[in-house]
Amino acid sequence: MNKKKKVTLIPGDGIGPEISAAVCDIISAAGVNIDWDVQTAGADVALEEGTPLPQRVIESVKNNKVALKAPVTTPIGKGFRSVNVALRKELDLYANIRPCKNIEGINTPFKDVDIVVVRENTEDLYAGIERQIDEDSAESIKIITRKASERIVDYAFQYALKNNRKTVHAVTKANICKLTDGLFLDCARAVAHKYPQIEYKEILVDNLCMQLVQNPSKFDVLVLPNLYGDIVSDLTAGLIGGLGIAQGANIGRECAVFEPVHGSAPDIKGLNRANPAALLLCAVNMLRYIGDYEPAAKIENALFEVIKDGKVLTVDLGGQASTTEFTEEIIRKFKAVEF
Ligand code: NAI
């Protein structure tokens with residue numbers, strides 16, 4: 001066996017622990033030698049340690065440089081600030097990359113979706129600067145800076161170059177948010193000039209949503225401020241079969257945290273029904289990031305084969321299999337190839 005690599009694992013809550021266990025089982029069965037540095041975070045941790053995101057979690061990711069993270073619940077309309085947003089901000093994970101490509105065997109209205117959402121990950125309305133003005137009104141401040149906008153657009157163009165992509169669309173609502181989205185657009189235009197080999201286009205976010213559900217094959221790489229990126233990436237996940245298969249990665253200059261698009265799915269928590277595929281695809285991407293290309297390909301191929309077979313699928317993909325059965329089938333698939 002090769003040398004053990006240390007990776008932070010944030011199992012999250014809701015369906016997080018179930019899908020994390022499934023993914024760890026698959027990685028271990030594939031013979032990858034990872035020393036998981038398990039770090040809990042979220043509401044239960046807040047009760048015990050006074051904060052949902054203790055410093056130990058941040059230090060662990062800083063030390064290991066790479067993490068696999070399952071979802072963490074954020075109280076809706078009240079309570080503590082999102083652990084997910086805080087972690088991205090603390091570690092300056094400025095680029096959130098969410099690729100959405102059709103997977104053979106999953107029936108969807110469109111067969112030629114291959115879109116990469118590049119979402120700015122540190123500012124916009126996620127800055128969490130909100131104020132109650134009086135009982136009947138509140139305000140939230142949208143922060144857009146030149147530094148963050150230029151570096152995310154540059155990331156999108158670099159991504160396009162390295163991955164043989166043709167077009168980058170800058171997505172805004174600059175007709176209405178003239179100063180904030182207007183600044184993002186100015187930055188996009190300036191950065192685009194440095195990449196004449198990549199086609200640059202602009203589109204308003206509402207028009208983008210309409211066109212995505214009519215003709216998604218028109219789109220290639222999308223670069224967006226934080227909030228639009230969050231919403232549009234759920235939409236693109238829907239185009240390829242839903243959140244159960246939508247992977248993502250948060251990339252910074254110093255470290256990377258691989259986490260799926262979906263949340264903690266409290267509606268199916270503890271039912272052994274969650275699809276671990278999105279987190280598994282994140283793990284595959286993480287393995288490639290740390291240089292474990294062979295097991296990454298082995299796991300990815302097995303997952304795609306199981307989906308293509310269509311016999312053992314989780315409920316979100318139209319099947320009846322439990323998380324455990326789906327996990328075992330993936331392991332069985334790559335073991336069958338080995339012997
Ligand atoms: P959600 O993504 O958790 O669930 C939306 C729908 O998709 C639900 O019906 C759920 O059952 C289904 N779903 C999601 N992942 C699935 C999977 N792996 N397998 C099968 N079905 C799956 O979104 P929701 O309900 O809006 O948010 C729940 C909580 O998650 C909230 O507290 C939210 O703040 C948090 N959240 C956390 C994220 C993170 O940790 N990065 C990202 C998004 C939301």
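Residues numbered from 1 in each chain as written. Predicted model: local features only at pLDDT ≥ 70, side-chain atom pairs only at ≥ 80, totals over all residues. Heavy atoms only, no water.

Novice: Quick rundown of the sheet that holds strand β9 (residues 199–204)? Include the residues and the values.
Specialist: Two pairing modes exist for strands in a sheet, parallel and antiparallel, and in both the strands are linked by backbone hydrogen bonds. A sheet is described by the order of its strands in space; here 10 strands give the open sequence β2-β1-β3-β12-β11-β4-β5-β10-β8-β9, paired in mixed fashion. Looking at the sheet topology across the chains shown, the edges are occupied by β2 (34–38) and β9. Strand-to-strand, the axes of this sheet are offset by a mean angle of 25°, without reference to chain direction. Where strand β1 (residues 5–10) lies against strand β3 (residues 66–69), three bridges are found, and the strand directions are parallel. Along β3, the bridge assignment pairs I10 with K69. Contacting β1, β2, β3, β11 (249–251) and β12 (256–258), helix α9 (residues 277–289) runs over the sheet at an angle of about 170° to β3. (Pairing = 2+ DSSP bridges. Helix = DSSP H or I, 4+ residues; strand = E, 2+ residues; numbered from the N terminus. Axes fitted to C-alpha atoms, helices over the stretch in contact; angles between N-to-C directions. Contact = heavy atoms within 4.5 Å.)

Novice: Lay out the packing of aromatic side chains with the relevant residues and their values.
Specialist: This structure, assessed with the given rule, holds four aromatic pairs. Ring geometry for Y94 and Y155: centres 6.1 Å apart, planes at 85°, overall edge-to-face. Residue Y94 is found in the loop between α4 (83–90) and β4 (95–101), and its partner Y155 is found in helix α5 (residues 146–162); the two are separated by 61 residues along the sequence. (Phe/Tyr/Trp six-rings, centres within 6.5 Å; stacked < 30°, edge-to-face > 60°.)

Novice: Residues and numbers for the site of the ligand, please.
Specialist: Around the ligand sit 22 residues, and of these T74, G263, A265, D267 and N275 come closest. H262 places a side-chain nitrogen or oxygen 3.3 Å from a nitrogen atom of the ligand. A265 is positioned with one of its backbone polar atoms (N or O) 2.7 Å from an oxygen atom of the ligand. Relative to its unbound accessible area of 810 Å², the ligand is 72% covered by the protein chains. Of the residues contributing to the shell around the ligand, the split by class is nine nonpolar, eight polar and five charged. (Near = heavy atom within 4 Å. Polar contact = N/O pair within 3.5 Å; in protein donor to acceptor, adjacent residues only side chain to side chain. Areas by Shrake-Rupley, 256 points an atom, 1.4 Å probe, with all protein chains shown as cover. Nonpolar A, V, L, I, M, F, W, Y, C, P; charged D, E, K, R; others polar.)

Novice: Summarise the environment of G318; cite the residues concerned and give the values.
Specialist: In this structure, G318 sits in the loop between α10 (293–309) and α11 (323–338). Once the C-alpha coordinates of G318 and N164 are considered, the two residues, 154 residues apart in sequence, prove to be 33 Å apart.

Novice: Describe the packing of helix α1 (residues 16–29) against α9, listing the residues and the values that go with them.
Specialist: Closest axis-to-axis distance for the α1/α9 pair is 9 Å, and the angle between their directions is 45°. One element, α1, and the other, α9, form an angle in the oblique class. The hand of the α1/α9 crossing is right-handed. Here I19, S20, V23, I26 and I27 of α1 come into contact with α9, specifically with L279, L280 and A283. For the contact of α1 with α9, the residue count by class is seven nonpolar, one polar and no charged. (Parallel < 35°, antiparallel > 145°, perpendicular 65-115°, else oblique. Left-handed = near helix turned anticlockwise from the far one by under 90°.)

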